[in-house]
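# Structure at a glance
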There are 4 protein chains.
Amino acid sequence: METEKEEGLVYAGSTDLALEANEIAAKRMGGAVPGVLTETQEDGGVKVTFMEVQNREAAQSIGKLPGHYITFEVLGLRNKDSDLQDQVATLFAQKFADFLKKIGIGKDAKVLIIGLGNWNVTADALGPIVVENIMVTRHFFQLMPDHVSPGYRQVSAVAPGVLGTTGIESSEIVQGIVDRSKPDLVIAIDALASRSIDRVNTTIQVADTGIHPGSGIGNKRKGLTKEILGVPVIAIGVPTVVYASTIVNNCIDLMIEHFKQETDRTDKIFGLLDGLEENDRLQLVKEVLNPVGHDLLVTPKEIDQFIEDIANIIASGLNAALHEAVDMNNVAAYTH
Amino acid sequence: METEKEEGLVYAGSTDLALEANEIAAKRMGGAVPGVLTETQEDGGVKVTFMEVQNREAAQSIGKLPGHYITFEVLGLRNKDSDLQDQVATLFAQKFADFLKKIGIGKDAKVLIIGLGNWNVTADALGPIVVENIMVTRHFFQLMPDHVSPGYRQVSAVAPGVLGTTGIESSEIVQGIVDRSKPDLVIAIDALASRSIDRVNTTIQVADTGIHPGSGIGNKRKGLTKEILGVPVIAIGVPTVVYASTIVNNCIDLMIEHFKQETDRTDKIFGLLDGLEENDRLQLVKEVLNPVGHDLLVTPKEIDQFIEDIANIIASGLNAALHEAVDMNNVAAYTH
Amino acid sequence: METEKEEGLVYAGSTDLALEANEIAAKRMGGAVPGVLTETQEDGGVKVTFMEVQNREAAQSIGKLPGHYITFEVLGLRNKDSDLQDQVATLFAQKFADFLKKIGIGKDAKVLIIGLGNWNVTADALGPIVVENIMVTRHFFQLMPDHVSPGYRQVSAVAPGVLGTTGIESSEIVQGIVDRSKPDLVIAIDALASRSIDRVNTTIQVADTGIHPGSGIGNKRKGLTKEILGVPVIAIGVPTVVYASTIVNNCIDLMIEHFKQETDRTDKIFGLLDGLEENDRLQLVKEVLNPVGHDLLVTPKEIDQFIEDIANIIASGLNAALHEAVDMNNVAAYTH
Amino acid sequence: METEKEEGLVYAGSTDLALEANEIAAKRMGGAVPGVLTETQEDGGVKVTFMEVQNREAAQSIGKLPGHYITFEVLGLRNKDSDLQDQVATLFAQKFADFLKKIGIGKDAKVLIIGLGNWNVTADALGPIVVENIMVTRHFFQLMPDHVSPGYRQVSAVAPGVLGTTGIESSEIVQGIVDRSKPDLVIAIDALASRSIDRVNTTIQVADTGIHPGSGIGNKRKGLTKEILGVPVIAIGVPTVVYASTIVNNCIDLMIEHFKQETDRTDKIFGLLDGLEENDRLQLVKEVLNPVGHDLLVTPKEIDQFIEDIANIIASGLNAALHEAVDMNNVAAYTH
């Protein structure tokens, strides 16, 4: 379980997604969480939720840091539908550009994009593949500043690798690069473990809170935050894997829901399972699976194609959002 | 659910592994299945089971075709242990060579190796990767028969692709290649869907029954069998994916087992779930997951490394088993 | 040097490109070669030449088989210009559709696309990469013929591998597949060795003469022709490699040309080299390089990107030319 | 042409290899260059040359920095001979370990390995592939210092990407990483442009002089040297590409040599070419090729396999040289 510390606060989140954390808290508190603002737009199978965690009390209630969040939910992303992908890329570009404005990032702010994760593990390769499709421009500004067309800003992009293959914490590598290249903003892309099987490969979360230790697929021990790097950090996360125990727990939920439609005595059908709190039930499932080594992190068989598709959405979205000269309505033309 | 027809028999198997089918039948029948011979050897974390389904009655009891089967079970294969991998490759080579003798395949029999599956889907790429590491020799026999060293036989190897990317059933492509290249034996390698999460990436099955429609990850509508190809067909299968519903069902099993150690009233804890037959329970799980699109085929996050490792084991094992000139004790040296 | 036999004729061509063969013959004969018709269109950096070799005499004069040829010459293809690539893909689609009409291939003719070459050798991977981007439809016609939208025809696509990795001649594999899948037309894509460094990665040749032994990068010993396969064969070839000796010979040519502009006594500068016939000089270069193992086949450092780009042009062009339902003006949208 | 500046000296080298630079200077000076010590060992197709450039005068004479150099020359590396590769890896490990001793690097010195070059350009991917096969251990020392077995030292490894894809000079990225991770030694691996076609894929150079601007395939503008990074830098370079003009020039040389055996009047055959200084002739060739865009950097067609092979040699050699616990006689077992 992930634990976040900041200024003395301790957050214990069972999910990487602020959206879910808010729902859980609202359920528990029997109504909207004070200090958490949300707004949802839905159009043609694409749901976008804006969320602001306004203060430390709200943060403590939902177990997420104060800040701004956008979540894109698109079930159809699993279906290899290239028209839908183009539509999501365009929407992502627009909302991301608005997000930059809202959090006060100027048009000339120099941006460093960090692709976290491991090239050689498909489900963890999202960050490196996004980096590969980013339109980098910083070197043109450095080498021939007078010849850069208007409508571009300084963008650089690095995939720092993972601890297991470099021997160095990725946050240390990023700190070194930030010290030398002096960006005004860091955008970090990472694959996440999902708390729910229906999130896998369908959800993109943007947050201005940075990346915190223990989040993402790899076991990071240090984060990428404004406190550490000295510049604001936007995190873009996509759930790509899920624990076997999560699948089991989700399914028991679904089964109980299913039978509730037929009987009000689901306890007869599910015995004790019916009465357990969700977290307690998950704990039980983990206790059973762990000793036999079966609480594996799994990913859908189609992960190769999906990672490619969603990396293209994010990369083309970023290219259009960061460079005014890139056409917002034809964002996909700039990646391959 | 897979359905196999042969000479009027109808087999309905819920598993691709004969070993499991036999266990299930034995449990149901309350004792060893008549006409099914098994023998197990275990050494240093590697379990090898030989099985013979001797007649049609036995075949019908367990839902598997008459024939010979070997199953290698190595839980440690998930641990990236290269010494263990070398050990398994050597053992595989020896047992495979014995298997060829037992089913009457001569030392000069010409062999065509078929790597079923899809290059671009990591969990389904086992067959193509094995093919890439096979020591092919047929062309030397064809082009310069007088210059081939003793200790080699004619081996060729093809990855025919999958229906979705070629537009042609892989069995049709293989038939065409067999017609033209006239091997005496076909060995087909395929990735399988597992009936149990603990099989994924830990089990290799060898069988002289060929590949049957509906087996493997892809939806094959035609098989690769002696009846179709005119030459014996050995199938080598490795479970690499598992349905979400299978994980859930496995886990409920484990939970019930777990509580049986504490109480004999597991029905109190699990309600109706406790009393259900395993197949009925699986059916229930599927009915709940399917409508929401969550009965996904999933694979462990580490699949990239695993597929590479097990493909090397099979390829080096085959190279040593098929060519006497290849050193049985250093089989891994011949692949990269 | 490649040698083609057909119906008793023997052709000795020093080039895979009919265009070049014709130029050489015309130069030698001091005028247009009788029986060879050519027509050239040029627009925006793209040059398209149509050629018909009308009879056996003409064929013998230029060392190329009777038939129809189109050559696309685009120097800019080396420059990673995606607008130009889209333009070439569209033009390729239109000219290829016209070509099919001219040689009598109907709208419903079933097409099998063969990607010759080796996945693992970048400069030889053109065919397999094209195959991967082809829109295959044959299986829909086979499995659900009533549900195929109008505007599509039956297309299948296979990459048969190379002799060194399969142990089987690719032509044998293709024959087997043709026997079983019964297409009306075969289109074979292959990477070629170039006779001139300026052809590498800039030229696409289409011909209805099939693929002949010894052409392409691999040493094919059997061809893919109508005589062998029983159906017409269109060959699409792209020069991707060049012999070191060819580079040297090209350069000596250029040097002599260069000095001709300054003096009419180039023999003073180049001695005997100046007077040698081109073929004799090439022979001399080869005699010097071969013994020291330096007459390597080489390819530009940028080959990875180029192969990707030109494979996309050919695949999108074929998709649009073969399926009326694919928009001719937006061909690139259908590949990734 | 590469220009190196150091402490007021200006070196103008036409080659990245010190060995060649020394030969050229010795030829020009009509005897051994004062202040340059060389020693050659040859065994079974493998030639190893040790060289020390002892002072600034010697450095100026040959155009290479003062320091220690080892060059491995193995023509057979082009032949896919895995026994030879193992032999070279073992030899490389031994000589590299000696080299560390000679230049005063202790057994516990912490090492950072930098793989320069571009993942996506096969001929430039040597550095990144070596990095991928390095046994990194630094994180074990950081996270559980008490549990590291004896015989290992702290090793980390990073592939920093290239300017064109990151927007940041690789030397800036490396400086940042060195600042944060504080190694005692940097080893940088890079692919080089060769001055001679017979060097391509046959030669490995080790030097304790660091990497200098303009060397390697990419156009580096800043180097990796002790002056810049504050710790010693060992450079490992392998020529993988060659200019077309170099091939032409090499070949004219070979032709002139060839005819010298038959006549003493090669000027009759080669005219002015015969009398030109080598550099002037190369200049002439470049002047002719450049305007038509043909002075391409090229690489042998087999580059994919070669890069894989030589990266394995270097990675296994480094693993054995850096960790005493790795068996010097079975170095290849530790990479895949």
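Whatever comes next refers back to the structure up there.
Below you will find a few notes about this structure. The structure displayed is predicted, hence computed values, not measured ones. (Residues numbered from 1 in each chain as written. Chains lettered and ligands numbered in written order. Predicted model: local features only at pLDDT ≥ 70, side-chain atom pairs only at ≥ 80, totals over all residues. Heavy atoms only, no water.)

### Details of the interface of chain D and chain C
Taken together, the contacts link 38 residues of chain D with 38 residues of chain C. Summed over both sides, the interface between chain D and chain C buries roughly 3400 Å², with carbon and sulfur atoms accounting for 79% of that surface. On the chain D side of the interface with chain C, the three residues burying the most area are Val288, His294 and Lys301 of chain D, jointly 18% of the side's total. Seen at the junction of chain D and chain C, the total is five residue pairs in polar contact (both at pLDDT 80 or more). (Contact = heavy atoms within 4.5 Å. Buried area = accessible area lost by both parts, 1.4 Å probe. Polar contact = N/O pair within 3.5 Å; in protein donor to acceptor, adjacent residues only side chain to side chain.)

### Observations concerning the relation of the copies chain B and chain A
By a simple turn and slide, chain B fits onto chain A: the slide is 0.0 Å along the axis, the RMSD is 0.1 Å, and the turn is 180°. Here the symmetry operator amounts to a two-fold rotation axis. When you check the interface residues of chain B against chain A, 100% turn up at the interface there too, and the contact is symmetric in its surfaces. (Least-squares fit on C-alpha atoms with pLDDT ≥ 70 in both.)

### Focus on helix α9 (residues 244–260) of chain C
For α9 of chain C, with 17 residues, the first-to-last C-alpha span of 25 Å sits near the 24 Å given by 1.5 Å per residue. Where α9 of chain C is concerned, the buried positions are Ala244, Ser245, Thr246, Ile247, Val248, Asn249, Asn250, Cys251, Ile252, Met255, Ile256 and Phe259 of chain C. (Helix = DSSP H or I, 4+ residues; strand = E, 2+ residues; numbered from the N terminus. Expected span 1.5 Å × (residues − 1). Buried < 20%, exposed > 50% of the residue type's maximum accessible area, 1.4 Å probe, protein only.)

### Brief notes about the side chain of Gln85 of chain A
Note on placement: Gln85 of chain A falls in helix α3 (residues 82–102). Once residues within four sequence positions are removed from consideration, Gln85 of chain A is found in contact with Leu77, Lys80, Asp309 and Ile313 of chain A.

### Points about the packing of aromatic side chains
Across all of its chains, the model carries 12 aromatic pairs over all chains by this definition. On the basis of an interplanar angle of 50° and a centroid distance of 5.3 Å, the ring pair of Phe72 of chain B and Phe92 of chain B is categorised as tilted. Within this pair, whereas Phe72 of chain B is found in strand β5 (residues 67–73), its partner Phe92 of chain B is found in helix α3 (residues 82–102), the two being separated by 20 residues in sequence. The burial state of Phe72 of chain B is the same as that of Phe92 of chain B; both residues are buried. A centroid spacing of 5.7 Å and a plane angle of 25° characterise the contact between Phe92 of chain B and Phe96 of chain B, whose relative ring orientation is stacked. Placement of both Phe92 of chain B and Phe96 of chain B in helix α3 is noted, with a separation of four residues, approximately one turn of the helix. Judged by relative accessible area, Phe92 of chain B falls into the buried class, the value being 0%. Taken together, Phe72, Phe92, Phe96 and Phe99 of chain A form an aromatic cluster joined through their ring pairs. The ring of Tyr243 of chain B carries Lys286 of chain B above its face, with NZ or CZ at 4.3 Å from the centroid. (Phe/Tyr/Trp six-rings, centres within 6.5 Å; stacked < 30°, edge-to-face > 60°. Lys NZ or Arg CZ within 6 Å of the ring centre and 35° of its normal.)

### Brief notes about the interface of chain B and chain A
Many structure descriptions define interface size as the accessible area lost when the parts assemble. Opposite the 38 residues of chain B that make contact, chain A presents 39 residues. Each partner contributes to the roughly 3400 Å² buried at the junction of chain B and chain A, and carbon and sulfur atoms together form 79% of this total. Three residues stand out in chain B for area buried against chain A, namely Val288, His294 and Lys301 of chain B, and they jointly supply 18% of the buried area on that side. Linking chain B with chain A are five residue pairs in polar contact (both at pLDDT 80 or more), by the criterion used here. Elements with a contribution of two residues or more to the side of chain B that touches chain A: α9 (244–260), α10 (266–270), α11 (272–275), α12 (278–289) and β11 (297–300) of chain B. Take the side of chain B that touches chain A: its biggest share by element is nine residues, from α9 of chain B. Residues of the side of chain B that touches chain A, tallied by class, amount to 26 nonpolar, seven polar and five charged. In the sheet, strand β11 (residues 297–300) of chain A pairs with β11 of chain B via three bridges, with the strands oriented antiparallel. (Nonpolar A, V, L, I, M, F, W, Y, C, P; charged D, E, K, R; others polar. Pairing = 2+ DSSP bridges.)

### Quick word on the nonpolar core
All names here are of chain A. Within the largest apolar cluster, 52 residues are counted, with the highest numbers of intra-cluster contacts made by Phe96, Ile113, Leu126, Ile187, Ile236, Ile314 and Leu318. Top element by residues in this core is helix α13 (residues 303–322). It accounts for 11 residues. Excluding anything up to four places from it in sequence, Ile314 contacts Phe92, Leu126, Val130, Ile189, Ile204, Ile236 and Val238. (Core = buried A, V, L, I, M, F, W, Y, C linked by side-chain atoms within 4.5 Å.)

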